[in-house]
Amino acid sequence: MDDAGTERHRKLTLEVFDLAPVGVAVTTGPDHRLVYTNIAYRASFGARPIGRPIREAFGELLEQDYFELFDRVLATGEPVDVADAPVTLHFGSGRERRFFSFSLSRFEDGEPGVLAVAADVTEQVTTARRARQMAETRRRLLHRFQSLIRVSAEIVWVSGPHGGIIEPSPGWERVTGQDWEEFRGEGWLRALHPDDRLPTLRSWHAALREATPWRHVYRLRTVDGEYRHFEVHAAPVYEGGAVVEWVGTCADVEQRWQRQRRQELLGRAAVATAEHADLHDMLGALADVLVPALADGCGVHLLPEFAERPASAPVLSRRIATAARDGLPRRLPAGEEWFAADSGFVQAIRRRRPVRRSFPPGEPPEDLLPASTVSWLTDAKAHSVVVLPVVVDGAVAAVVTASACGDRPPMGADDVALMGQMFDHAHDALSSAMLFQRTQRVALALQHGLLAQPPEVPGLDIVARYRASPAAAEVGGDWYDSFVLRDGATALVIGDVAGHDLGAAVAMSQLRNMLRGLAVDREEPPGDILRRLNIAMATLAPEGTATCVLARIEKSPAGGLQLNYAVAGHPPPLLVTAGGDARLLEDAANPLLGLLVDQPCISAVVPLPPRSTFFLYTDGLIEHPDEHLDQGLGRLRRRAAELCEAPLPAFCDGILTGLPTTGTDDIAVIAARVPGSP
């Protein structure tokens, strides 16, 4: 606003004091130039020159120097009251000494200044009542003045003491299009967004009950039909100690609200990605941030190996996260769908640009979206959708579909940009999570490729099971093996390499292959083979450690079968007889592999009774962080005894499902059952 406009605005604002029963003067700037006096002030002090510093305009009147008080009020903002100030005035041909009470307050309407209110208290200088009236008058005038100077160029309104609008507001009509008949009373509520009416009414009534200043933000429908955020400020006006009216202003804060919302959503997206390591959980949390802040429904679809697929190949979309606001059809479950290479969905992905599409409610475009998404949008009566490809490390890794329903307008360009920024903000976390997922696939493929099915040995049942950990990379160093040696003996192996990642799986494969070669190379006791394996590890993997059990099921000199075994730092094997006697084999214990390379490893031999079961397992089956290992071993013995007569597959499965485990470690088991007679 230019200087002339500022002066006109100030003049219109100050005219409210013209008929006040007490004197009102206003100064501005550090030299306290006089810019206004009302009728009562001029009647008491005469016409003072406007535009002159107050010290020059009033200096001859005051018997004491009160002008430094103006400096203090302007500098500190704290009001000052002066009682019984003596002033010598000219009346007719003589001079008369009278007393005034002054109240000085700082205000800001453009340039800061001081509002001075003066009351002639010559006849009532000792009367407390007059002083209280003066304080009340000053406070009321100041509150009304403060309310007026907060007025933006848009809306000012006045309500009665109980909240109904009692005066027309040209600003409200200009912004909303409501005329006086539509605006009066509670009619103004109809211009608010339907979702904001009840919260606004509750907030307004609370302010009315408590008679405290009101501040609130709501969405207001403008004359062009769009909703914009407005901030309302209102204050009560008192008279005689009672609220007689409320004065309020409304200011357009849409841009500020959009900035705050953007910052809030980006912050929530950062928290969502920081709190989750699992890719599914992370994307689900981001979907929950989008809904309902930006959209009514959202789906996140992964595109496995999209970058590696030929341009003419079908594309797999795997939905892993969805969100929907209250009142809409329930979220879609996880699922997979294939798309032809020339479909609208795939073409939109390959362009790597957001696609916005509006359509009649409940009639979404089928070619652009997954069939399940089309079904949901139809049921939800959606009228618009955004398809956003998410690029991670230079490749399209996911697609986000966001929709609007009901009264929500379609997502605009700013909303789509914000949605993209939220996923860009999570790029590093998404990249790490996707790398983590690729590591899972590689490690599991490697591990399952090495965990071959046991051989078929006449007269001997062998069953193996492997349960991956749901934590970490869902893969570790646990392994089992079984093979037939040159002398006809059957070897059973169980082992565990430290770690739960791709490196552990690779180390496990190396150890397994070395052990196979050493076992086939010489016909010697298992302890000697483990010693040679330990020496090989010292050279090939000097930093590694592992546990292992190597057992030979071989013919006994006395007839029947016997078990020749050695244990290197591993939980002891379990031998279960047909009668339910379950005992741990602890006579061939040796240090774990990777330590004490030069120390011999001992072996032990035990007979295998007919129909007995030899059971090997890894520590994930028995270990719990808050208990001694003996407790887990005791549970294993009891459970194995209960299952002694079950077929061998049921025996292994019953142990895996019947024992409590932590779920944080892989579990491998392998068991052999000897025939019923020698």
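The structure we're discussing is the one just above.
Residues numbered from 1 in each chain as written. Predicted model: local features only at pLDDT ≥ 70, side-chain atom pairs only at ≥ 80, totals over all residues. Heavy atoms only, no water.

Peer 1: Would you explain helix α4 (residues 67–76) in this entry?
Peer 2: One full turn of an α-helix is made of 3.6 residues, so residues set three or four places apart face in the same direction. Every buried residue belonging to α4 is among Phe 67, Leu 69, Phe 70, Val 73 and Leu 74, and all of these are buried. The buried residues of α4 all sit within an arc of 145° when viewed along its axis, so they share a single face. Trailing α4 by a residue or two, Gly 77 shows a phi angle of about 80°, which is positive. (Buried < 20%, exposed > 50% of the residue type's maximum accessible area, 1.4 Å probe, protein only. Helix = DSSP H or I, 4+ residues; strand = E, 2+ residues; numbered from the N terminus. Arc of directions from axis to C-beta.)

Peer 1: Where do I start with the sheet that holds strand β9 (residues 242–252) in this structure?
Peer 2: Strands in a sheet are paired, the pairing made by backbone hydrogen bonds, and the direction either parallel or antiparallel. Taken together, four strands build an open sheet; the order of strands is β6-β9-β8-β7 and the sheet is antiparallel. One side of each edge strand has no neighbouring strand; the edge strands of this open sheet are β6 (155–159) and β7 (214–221). Sheet twist, expressed as the average angle between the axes of neighbouring strands with direction ignored, equals 25°. Sheet topology places β6 next to β9; five bridges connect them, and they run antiparallel. Residue pairing across strands places Ser 159 opposite Trp 246, the latter belonging to β9. (Pairing = 2+ DSSP bridges. Axes fitted to C-alpha atoms, helices over the stretch in contact; angles between N-to-C directions.)

Peer 1: Is there a simple way to think about the side chain of His 216 in this case?
Peer 2: Structurally, His 216 is set in strand β7. Of the residues examined, His 216 reaches a relative accessible area of 17% and is grouped as buried. At a separation of 3.1 Å, a polar atom in the side chain of His 216 contacts the side chain of Thr 200. Contacts of His 216, omitting those with residues within four sequence positions, involve Pro 199, Thr 200, Ser 203, Phe 230, Glu 231 and Val 232. (Polar contact = N/O pair within 3.5 Å; in protein donor to acceptor, adjacent residues only side chain to side chain. Contact = heavy atoms within 4.5 Å.)

Peer 1: Please clarify how the environment of Pro 600 should be interpreted in this entry.
Peer 2: Secondary-structure assignment places Pro 600 in the loop between β23 (589–590) and β24 (604–608). Measuring from C-alpha to C-alpha, the distance between Pro 600 and Leu 530 comes to 9.0 Å, with 70 residues separating the pair along the chain. Not counting residues up to four positions away in its chain, the partners in contact with Pro 600 are Arg 531 and Asn 590.

Peer 1: How should unusual backbone geometry be read in this particular structure?
Peer 2: Peptide bonds are trans in most cases, and residues, glycine excluded, mostly fall at negative phi. Cis peptide bonds are those with omega within 30 degrees of zero, and the linkage from Val 291 to Pro 292 qualifies with 5°. You can see Pro 292 is positioned in helix α10 (residues 279–293). Here His 32, not a glycine, exhibits a phi torsion of approximately 55°, which is positive. With respect to the secondary-structure elements, His 32 resides in the loop between β1 (23–28) and β2 (33–37). Judged by relative accessible area, which is 6%, His 32 ranks as buried. The phi angle at Arg 352 is positive, at roughly 60°, despite the residue not being glycine. Residue placement: Arg 352 occurs in the loop between α11 (344–351) and β13 (355–358).

Peer 1: Help me understand helix α17 (residues 629–642), please; the structure alone is not making it clear to me.
Peer 2: Here α17 spans 20 Å end to end across 14 residues, near enough to the 20 Å set by a 1.5 Å rise per residue. Inspection of α17 places Gly 632, Leu 633, Gly 634, Arg 635, Leu 636 and Ala 640 among the buried residues, and these make up the whole buried set. Considering only its buried residues, α17 is in contact with β21 (574–576), β22 (582–584), β25 (613–617) and α18 (648–658). (Expected span 1.5 Å × (residues − 1).)

Scope: geometric values only; no functional claims are made or implied.
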